[in-house]
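Tertiary structure, described
Read off the chains here:
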Amino acid sequence: MAAAGLLTLVPSEKAKAFSSKAKGKIVVVGGGAAGISMAARLQRWLDEPDITLIDPSDRQFYQPGFTLIASGVYKPDDVWKEQKDCIPKGIKWIKDKVVAMDPVMNQVTTDQNGILSYDFLVLTPGLQINNVEGITRTRLGEGNAHTIYDFEGAQKTWEAIQELVQKGGHAIFTDTYTKHKCGGAPKKICLLTEHQARKQKKREQLQMDFYTASKALYDVPLYTPRLLDIYQERNIPIHLRTRIKGIDTQAKEVHFEKIETFGEEKIYTPFKESYDFLHFTPPMTAPDFARRSGLCNTDDPTAEQAWITVDKHTMVHTKYPNIVSLGDCSNLPTSKTSAAIRKQVPIAAKNLISLMEGKEVAEKYNGYAACPIVTDYGHVLLCEFDYEKKQDSTFPFSLLDVSKEQWTAWLLKVYILKPLYFYGMLNGLA
Ligand SMILES: Cc1cc2nc3c(=O)[nH]c(=O)nc-3n(C[C@H](O)[C@H](O)[C@H](O)COP(=O)(O)OP(=O)(O)OC[C@H]3O[C@@H](n4cnc5c(N)ncnc54)[C@H](O)[C@@H]3O)c2cc1C
């Protein structure tokens, strides 16, 4: 396993040979998967780096681990490190949050540290998780309504799943109607709950339903048939084009809207379902300060579809050529995952250096994203694809039928991807 982990580092190590004498003050907004990886790459590749990172967090979370906390595979302390230990040496860290940006004046305004000027800006503040009507982040768990899109929430979900399996009842799982990070996560926690019940020989007392706002459970042709089969084999009905609207935690009812299209017209029919256990996915948007900045595809700061607008291949901002943006906050039309970010970072970093050198940007991102869909305790359907939704395998499983779930991909998911994140990606090595 360690060897496989090292293998994944090899191609990037070649890139260490690259270096540039380009100069300029770089400000990175947001030090998560994308921000720290970008800072680390730029630090390695520039002879005289001048990089400031603005991020308010004490801790760096490996968010893909939240699903494994919620299924009892990881302990909460397995998925985080102190932020100070993750920021590469030589990077100036301002522990603060950005509240406004002025791309015309090349300035960002922080909450506590005033205004900062930049020559080049890297925008990586991730996304903002919003409330579903009837529940807030601080009330997660109330009325047995849970989400793994939150560190505390993932811990409460694991407690609730264990109780559900013992007591039985109706378990409802939903995704959401906005773009959201790791579209596979709601499916994974549903399948892991089902397998947990089977492992405990309690499956018969559990009724399970999966509701999605999309018109299909999954839209990558190589993997969709097997995923649909799995849901059918496990007796989990899939309800399409159904969006979550709110939760009545007192009555333990979830409110939905069924969306039907008749020609140009869309009809929204409200209905509600009772549940004993609910796993929901909250709606997500670009952070408010980004939506107010004039850097998104719409100037409406309340628009759900407002994401930072970049060229989908170069990741350079469509209006301001001294800004690059990548990761969850951007409008890159691919899956919002750290696997995608791992591929975006070296390309965005090289392109930023070209801009600093006054050259044309040449590196192109093909939309690669990966989603390891955990189908049970021991198997993962490792979905890897590009903008065209064509298979784009990068891990060394070429002898296996990747359209089916594999135990080797489970080993990758549980034992390799986390160290690859903390020691490879965040150090600018993978
Ligand atoms: C439950 C779950 C399961 C997932 N599963 C997978 C998976 O299996 N595989 C996979 O590849 N990906 C998965 N992901 C997605 C992956 O974790 C994200 O896509 C990735 O972390 C996004 O990186 P980012 O840098 O864009 O944002 P983040 O990593 O969220 O970082 C954003 C950073 O910006 C900072 N920030 C926010 N606001 C401001 C501000 N105003 N000023 C300055 N800084 C700010 C934050 O403090 C944070 O450090 C999962 C995520 C979740 C929640």
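Residues numbered from 1 in each chain as written. Predicted model: local features only at pLDDT ≥ 70, side-chain atom pairs only at ≥ 80, totals over all residues.

Moving on to the packing of helix α5 (residues 151–167) against helix α6 (residues 185–199). For the pair α5 and α6, the least separation of the axes is 9 Å and the interaxial angle reads 40°. Considering their axes alone, α5 and α6 lie oblique with respect to each other. Pair α5 / α6 crosses with right-handed handedness. Between α5 and α6, the contacting residues are T157, I161 and V165 on the first element and I189, T193, Q196 and A197 on the second. (Axes fitted to C-alpha atoms, helices over the stretch in contact; angles between N-to-C directions. Helix = DSSP H or I, 4+ residues; strand = E, 2+ residues; numbered from the N terminus. Parallel < 35°, antiparallel > 145°, perpendicular 65-115°, else oblique. Left-handed = near helix turned anticlockwise from the far one by under 90°. Contact = placed C-beta atoms within 7 Å.)

What follows deals with helix α10 (residues 407–424). At I416, α10 shows its strongest bend, of approximately 45°, with the proline P419 following within four residues. Restricting attention to buried positions, one finds in α10 the residues A409, W410, L412, K413, I416, L417, L420, Y421 and G424. (Bend = angle between axes of the 7 residues up to and from the residue. Buried ≥ 20, exposed ≤ 12 C-beta atoms within 10 Å, placed from the backbone.)

Moving on: the site of the ligand. Among the 36 residues in the neighbourhood of the ligand, the closest are listed as G30, G32, Q63, G126 and G327. Elements represented by at least two residues in the shell around the ligand include exactly α2 (33–45), α3 (65–69) and α9 (338–356). In terms of residue class, the shell around the ligand is made up of 19 nonpolar, 12 polar and 5 charged. Inspection of the shell around the ligand shows a minimum of three residues originating in each of domain 1 (2–127 + 286–367) and domain 2 (137–284). (Near = placed C-beta within 6 Å. Nonpolar A, V, L, I, M, F, W, Y, C, P; charged D, E, K, R; others polar. Domains from an automatic or database assignment.)

Once the domains are mapped, the protein shows domain 1 (2–127 + 286–367) and domain 2 (137–284). Each of domain 1 and domain 2 has a C-alpha centre, and these two points are 31 Å apart. Contact residues are listed per partner, giving 15 residues for domain 1 and 19 residues for domain 2. Considering every element that reaches the side of domain 1 that touches domain 2, the biggest residue donor is α3, with 3 residues. For the side of domain 1 that touches domain 2, the residue count by class is 7 nonpolar, 5 polar and 3 charged.

The next thing to look at is the sheet that holds strand β1 (residues 26–29). The strand order across the open sheet formed by 5 strands is β5-β2-β1-β9-β20, and the pairing between neighbours is parallel. Among the strands making up the open sheet, the edge pair consists of β5 (92–94) and β20 (323–325). Neighbouring strand axes in the sheet, compared pairwise and without regard to direction, differ in orientation by 20° on average. Bridge analysis of β1 against strand β9 (residues 120–123) gives 4 bridges, and the strand direction is parallel. Residue pairing across strands places I26 opposite F120, the latter belonging to β9. Lying over the sheet, α2 contacts β1, β2 (51–54) and β9, oriented at roughly 170° with respect to β2. Docked against the sheet, α9 engages β9 and β20, running at close to 165° with respect to β9. (Pairing = 2+ DSSP bridges.)

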